[in-house]
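So you can see what is in the structure, the chains are spelled out below.
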Amino acid sequence: NVTKPIDFHTGELTIHGGAARSTFSLSVGGIDLAGAAAFLRLDPLSITFAVNGPELDFAALATFLYGAHESATAPARRLLASGTVAIGKVVFAPLQASSLKGRLNLYTSAVRLNAFSLSAYGGTVRGNAALTGSAGIPIAVTAQARGLNVAGVLAAVAWGVPGVL
């Protein structure tokens, strides 16, 4: 039982010869996305996509994924879909960034964002991230940051820290 369902606003699906193409506008747990998808094979399922959206709040995404993970019954780690993602604004409270771009791979038991880049605090961040939903540490990120305003980053995360920056 997914806590917040996928809500399709508009879309078109064309099926021909065991494959399909789609364009869509949807909300996933309150996150608005639009894009296109190609279903290269329906059995076994193989999807490529390109999606974009104005804003991604990681707290909203985590809530949605937690609900989806609780209801997931897929036993194997199999690639379901891969594609590109572009998001205008990214919020990981209290941090914010913009212009997120990367390659997103959706597996039966994990989500991977490869070769991502984003702008934040006057600089850029590039790297890879994975959300596995496993016990312990369900998120892994490797990243390189260049040109960040460190004082701005520290000011954003310094909630409850005594002293002056």
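Residues numbered from 1 in each chain as written. Predicted model: local features only at pLDDT ≥ 70, side-chain atom pairs only at ≥ 80, totals over all residues. Heavy atoms only, no water.

## Concerning the nonpolar core
So, step 1. Counting residues in hydrophobic clusters, the biggest one holds 22 residues, and the most contacted among them are Ile87, Leu100 and Leu118.
So, step 2. Of all the secondary structure elements, the ones that give two or more residues to this core are strand E2 (19-28), strand E3 (31-42), strand E4 (45-57), strand E5 (79-92), strand E6 (95-107) and strand E7 (111-120).
So, step 3. Residue contacts for Leu100: discarding those within four places in its chain leaves Leu56, Val85, Ala86, Ile87, Val90, Leu113, Phe116, Ser117 and Leu118. (Core = buried A, V, L, I, M, F, W, Y, C linked by side-chain atoms within 4.5 Å. Buried < 20%, exposed > 50% of the residue type's maximum accessible area, 1.4 Å probe, protein only. Helix = DSSP H or I, 4+ residues; strand = E, 2+ residues; numbered from the N terminus. Contact = heavy atoms within 4.5 Å.)

## A short note on the pairing of E4
So, step 1. As defined by bridge partners, E3 adjoins E4 across eight bridges and the pair is classed as antiparallel. Within E4, the position partnered with Leu42 by the bridge is Leu45.
So, step 2. As consecutive antiparallel partners, E3 and E4 are separated by two residues.
So, step 3. Pairing geometry for E4 and E5, over ten bridges, is parallel. Its bridge partner being in E5, Leu56 is matched across the sheet by Val90. (Pairing = 2+ DSSP bridges.)

## Some details on the environment of Pro138
So, step 1. Relative to the elements of secondary structure, Pro138 occurs in the loop between strand E8 (123-131) and strand E9 (139-146).
So, step 2. Overall, Pro138 belongs to the partly exposed group, its relative accessible area being 30%.
So, step 3. For the pair Pro138 and Ala110, spaced 28 residues apart in the sequence, the C-alpha separation amounts to 9.2 Å.

## Overview of the confidence of the model for the protein chain
So, step 1. Mean pLDDT over the protein chain stands at 83; residues scoring 70 or higher make up 81%.
So, step 2. The spread of mean pLDDT over the elements of the protein chain runs between helix H1 (residues 58-71), the lowest at 63, and E7, the highest at 94.
So, step 3. Contacts of residues 70-76 to residues separated by more than four positions or lying in other chains number five contacts, the stretch itself having pLDDT below 50. (pLDDT = per-residue confidence, 0-100.)

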